[in-house]
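# Survey of secondary and tertiary structure
What follows is each chain in one-letter form.
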Amino acid sequence: MNFDEAIAAFEPALPLAVAYSGGADSTALLVACAARWPGQVEAFHVHHGLQAAADEFERHCAAVCERLGVTLRVHRVDARHAPGESPEDAARRARYASLATLASAEGTRAGIQSIALGQHADDQVETVLLALSRGAGLAGLAAMPEIAQRDGLVFHRPLLSVPAEEIRAWLQARDLPWIEDPSNADARFTRNRIRTELLPALDRAFPQFRSTFARSARHAAQAHGLLVELAQQDLAAIGTPPAIAALRQLSRARQANVLRHWLLQAHGCTPSTAQLDELLDQLETCTTRGHRLHIKIGTGFAERRGVLLHWYNPSPPTEASR
Ligand SMILES: Nc1ncnc2c1ncn2[C@@H]1O[C@H](COP(=O)(O)OP(=O)(O)OP(=O)(O)O)[C@@H](O)[C@H]1O
């Protein structure tokens, strides 16, 4: 899909905020959205205290927005990363929180519920490759969704099918400036090494792979959606917390599916395959048939990652749990 087709197909609820970093992709998105919906678009910029250049990014964004006649809202964060968390993950987490803060901040145009992000087809391919390198399941291989609800907001990625070079060509044809984030060239980040080393090699070996990868991500997203539906149905049947006897009636793959879903929904944790296997082994041999599943989550940073410490309730079943 080319850039103009993607913008024409984009139908967010208005008014709209564009998450504007000053980089090429969000610049093109902001310019195109402001032209398509005059007076209905604001720009949200997150000032990451992470980089020395952050002040310069903000000044650039302010100058472009002034020229476009678009209101710029800035939120400052100091995205310190927790032990074990990468600076990129910390920045991403802080960014979503900031965008939500800006959407409800005093002075922001009332009614903004849609936020547009500038990720494109190449970002999607990199995300799939990163997921593969981690041994991710379908949820990871589904990569980034075009539309996602979070914190009462709707996040849109209208450029997910547009190749990066197409977006740059669109900007260059209009003589529109953007800033290059120096961290995008930093070879310490795996994503950057994928972009600079792996993608060119894959291009040579499989000239179509960028679009076929993106198609695989859409297939994975669809299949993942079906697994979520199945988990919801199973959870409705076995109850929450899940009744162990009812859970054991299901196939092992279905048990894993419903437990993964429940752990995420109820406890905000995503167990590793090894943790889930251990849990399923214990379920297979446990004799406490009348129990409901009871888990305890680790503490500190491990809690965010969802480390499971205890699998099922060892105390005698109560009337309520039979
Ligand atoms: N500091 C920021 N403030 C507001 N939005 C941001 C910021 N950084 C990134 N985003 C949003 O998240 C999207 C993806 O971020 P990513 O880090 O991949 O992009 P980038 O290289 O910084 O910028 P761009 O995608 O605009 O070239 C951006 O397109 C933009 O919509």
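Residues numbered from 1 in each chain as written. Predicted model: local features only at pLDDT ≥ 70, side-chain atom pairs only at ≥ 80, totals over all residues. Heavy atoms only, no water.

## A word on the pattern of salt bridges
- Counted by the stated rule, this structure contains 14 salt bridges.
- Where E58 meets R76, a salt bridge forms, and the shortest distance between an N and an O atom there is 3.2 Å. Note that E58 is positioned in helix α3 (residues 54-68) and R76 in strand β3 (residues 71-77), a separation of 18 residues in sequence.
- Across the pair E284 and R252 runs a salt bridge, and its minimum N-O distance is 3.1 Å. Pair noted here: E284 is in helix α12 (residues 273-285) and R252 is in helix α11 (residues 252-267), with a separation of 32 residues, a long-range link.
- One network of salt bridges, in which partners are shared, links R252, D277, D281 and E284. (Salt bridge = Lys/Arg side-chain N within 4 Å of Asp/Glu carboxyl O. Helix = DSSP H or I, 4+ residues; strand = E, 2+ residues; numbered from the N terminus.)

## Quick notes on the UniProt feature "binding site: ATP" (unreviewed entry) in the protein chain
- The residues that UniProt annotates with the feature "binding site: ATP" (unreviewed entry) are S21, G22, G23, A24, D25 and S26.
- By the secondary structure assignment, A24 is in helix α2 (residues 24-36).
- The contacts of A24, once residues within four sequence positions are left out, are I167, R168, L171, W178 and I179.
- Along the chain, the position of D25 falls in helix α2.
- When residues no more than four places from it in sequence are discounted, the contact partners of D25 are G118, H120, L159 and I167. (UniProt positions renumbered as here; feature names shortened; annotations may be inferred. Contact = heavy atoms within 4.5 Å.)

## Observations regarding helix α9 (residues 209-238)
- Under the 1.5 Å per step criterion, the end-to-end length of α9 is 42 Å for 30 residues, consistent within 8% with the ideal 44 Å.
- In this structure, the buried residues of α9 make contact with α5 (121-133), α6 (138-141), α8 (190-205), α10 (244-248) and α11. (Expected span 1.5 Å × (residues − 1).)

## Notes on the packing of aromatic side chains
- On inspection of all chains with the given rule, the structure shows 4 aromatic pairs.
- When the centroid spacing of 5.8 Å and the interplanar angle of 80° are considered together, the rings of F10 and W37 count as edge-to-face. One end of the pair, F10, is in the loop between α1 (3-9) and β1 (16-19); the other, W37, is in the loop between α2 and β2 (41-48), with 27 residues separating them in the sequence.
- Among the residues examined, F10 registers a relative accessible area of 6% and is labelled buried. (Phe/Tyr/Trp six-rings, centres within 6.5 Å; stacked < 30°, edge-to-face > 60°. Buried < 20%, exposed > 50% of the residue type's maximum accessible area, 1.4 Å probe, protein only.)

## Quick look at the side chain of Q124
- Considering the arrangement of structural elements, one finds Q124 in helix α5.
- Residue classification places Q124 among the buried positions, given a relative accessible area of 6%.
- For Q124, the side chain forms a polar contact with the main-chain oxygen of M144, separated by 2.9 Å.
- Ignoring any residue separated from it by four or fewer positions in sequence, one finds Q124 in contact with A142, A143, M144, L160 and A217. (Polar contact = N/O pair within 3.5 Å; in protein donor to acceptor, adjacent residues only side chain to side chain.)

## Concerning α2
- In this model α2 runs 18 Å from its N-terminal to its C-terminal C-alpha over 13 residues, within 8% of the 18 Å that 1.5 Å per residue would give.
- Of all 13 residues making up α2, 11 are buried, and the element is well covered by its neighbours.
- Of the positions making up α2, those classed as buried are A24, D25, S26, T27, A28, L29, L30, V31, A32, C33 and A34.
- Those residues of α2 that are buried lie in contact with α1, β1, β2, α3, β4 (114-116) and α7 (164-173).

## Thoughts on the site of the ligand
- With respect to spatial proximity, 16 residues lie near the ligand, and among them A19, S21, D25, S26 and V46 are the closest.
- Within the backbone of G118, a nitrogen or oxygen atom sits 3.0 Å from an oxygen atom of the ligand.
- Burial of the ligand by the protein chains amounts to 86% of its free accessible area of 570 Å².
- Elements represented by at least two residues in the shell around the ligand include exactly α2 and β2.
- Of the residues contributing to the shell around the ligand, the split by class is 6 nonpolar, 8 polar and 2 charged. (Near = heavy atom within 4 Å. Areas by Shrake-Rupley, 256 points an atom, 1.4 Å probe, with all protein chains shown as cover. Nonpolar A, V, L, I, M, F, W, Y, C, P; charged D, E, K, R; others polar.)

## Some remarks on the pairing of β2
- Within β2, 8 of the 8 residues are buried, which leaves it mostly tucked inside the rest of the structure.
- Across the two faces of β2 the burial is the same, with V41, A43, H45 and H47 and E42, F44, V46 and H48 all buried.
- Bridge count between β1 and β2: 4 bridges; the pairing is parallel. The residue bridging V18 from the neighbouring strand is A43, located in β2.
- Relative to β3, β2 runs parallel, the two being bridged by 7 bridges. When the bridges of β3 are listed, H48 appears paired with V77. (Pairing = 2+ DSSP bridges.)

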